[in-house]
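Notes for the structure review
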Amino acid sequence: MAENEQKAFSGGLPIARIRTIMKSSPEIDVISQESLHLITKATELFVHALAQEAHKRIGKELTYKGLAQVVEEHESFQFLSDILPHKVKVKDFVDSLQEEDGVITIS
């Protein structure tokens, strides 16, 4: 990453919140300052990469729809498909269920 791009992203995640999330895991007993800092920085970089990819593909505005599209299309983000799925309208969902069952209703 270029130095000017690194400076452009100055927002930081709250370290106390990251510590709370880490402590919620039953496998974690002690959290060192170094590991907390590294996890926080890695999370910031991950969120930045996801947002940057969505901005590249979608354009000016960062939206849920754009993020969901990146997750679906980009192989390295597909592990998030359960967390960021495409929104489906209830009517479309019901229609797809009826098509699967072979029941077709005309409204």
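You'll find the structure just up there.
To start, this report covers the structure provided alongside it. Treat the numbers as computed from the prediction; the structure is a model and nothing was measured. (Residues numbered from 1 in each chain as written. Predicted model: local features only at pLDDT ≥ 70, side-chain atom pairs only at ≥ 80, totals over all residues. Heavy atoms only, no water.)

What to know about the packing of helix α3 (residues 33–58) against helix α4 (residues 64–73)
Packing of α3 against α4 leaves a shortest axis separation of 9 Å and a crossing angle of 100°. What the angle tells us is that α3 and α4 run roughly perpendicular. Each of Leu 50, Glu 53, Ala 54, Arg 57 and Ile 58 in α3 lies in contact with α4, whose residues at this interface are Gly 66, Leu 67, Gln 69, Val 70, Val 71 and Glu 73. Across the contact of α3 with α4, the residue classes tally to 6 nonpolar, 2 polar and 3 charged. (Axes fitted to C-alpha atoms, helices over the stretch in contact; angles between N-to-C directions. Helix = DSSP H or I, 4+ residues; strand = E, 2+ residues; numbered from the N terminus. Parallel < 35°, antiparallel > 145°, perpendicular 65-115°, else oblique. Contact = heavy atoms within 4.5 Å. Nonpolar A, V, L, I, M, F, W, Y, C, P; charged D, E, K, R; others polar.)

Digging into the nonpolar core
Leu 50, Ala 54, Leu 67, Val 70, Val 71, Phe 77, Leu 80 and Leu 84 together form the largest nonpolar core, which totals 8 residues. Counting residues per element, the ones that place at least two in this core are α3 and α4. If we skip the residues at most four places from it in the chain, Leu 67 touches Leu 50, Ala 54, Leu 62 and Leu 84. (Core = buried A, V, L, I, M, F, W, Y, C linked by side-chain atoms within 4.5 Å. Buried < 20%, exposed > 50% of the residue type's maximum accessible area, 1.4 Å probe, protein only.)

Looking at the environment of His 74
Here His 74 lies in the loop between α4 and α5 (90–101). Spatially, the C-alpha atom of His 74 lies 9.9 Å from that of Ala 54, the residues being 20 residues apart in sequence. His 74 has contacts with Glu 53 and Arg 57, leaving out every residue within four places of it along the chain. Within polar-contact distance, the side chain of His 74 engages the side chain of Ser 76 at 2.8 Å. (Polar contact = N/O pair within 3.5 Å; in protein donor to acceptor, adjacent residues only side chain to side chain.)

Description of the pattern of salt bridges
Enumeration over the complete set of coordinates arrives at 3 salt bridges. A salt bridge links Glu 44 to Lys 41; the shortest N-O distance between them is 4.0 Å. Taken together, the positions of Glu 44 and Lys 41, both in helix α3 and 3 residues apart, correspond to about one turn of that helix. Since its relative accessible area comes to 11%, Glu 44 is described here as buried. Looking at Lys 41, the relative accessible area reads 30%, which means it is partly exposed. (Salt bridge = Lys/Arg side-chain N within 4 Å of Asp/Glu carboxyl O.)

Things to note about a nonpolar patch on the surface
On the surface, Val 88, Val 90, Phe 93, Val 94 and Leu 97 cluster together to form a nonpolar patch covering roughly 450 Å² of accessible area. Judged by relative accessible area, Val 88 falls into the exposed class, the value being 56%. (Patch = residues over 30% accessible without salt bridge, like charges linked within 9 Å, V, L, I, M, F, W, Y side chains within 5 Å. Areas by Shrake-Rupley, 256 points an atom, 1.4 Å probe, with all protein chains shown as cover.)

A closer look at the packing of aromatic side chains
Evaluation of the coordinates by the stated rule reveals 2 aromatic pairs. Aromatic pair Phe 46 and Phe 79: ring centres 6.0 Å apart, planes at 40°, arrangement tilted. Here the residue Phe 46 occupies a position in helix α3, and Phe 79 occupies one in the loop between α4 and α5, the gap between them amounting to 33 residues. Among the aromatic residues, those joined into a cluster by ring pairs are Phe 46, Phe 77 and Phe 79. It is Lys 87 that lies over the ring of Tyr 64; its NZ or CZ is 4.9 Å from the centre. (Phe/Tyr/Trp six-rings, centres within 6.5 Å; stacked < 30°, edge-to-face > 60°. Lys NZ or Arg CZ within 6 Å of the ring centre and 35° of its normal.)

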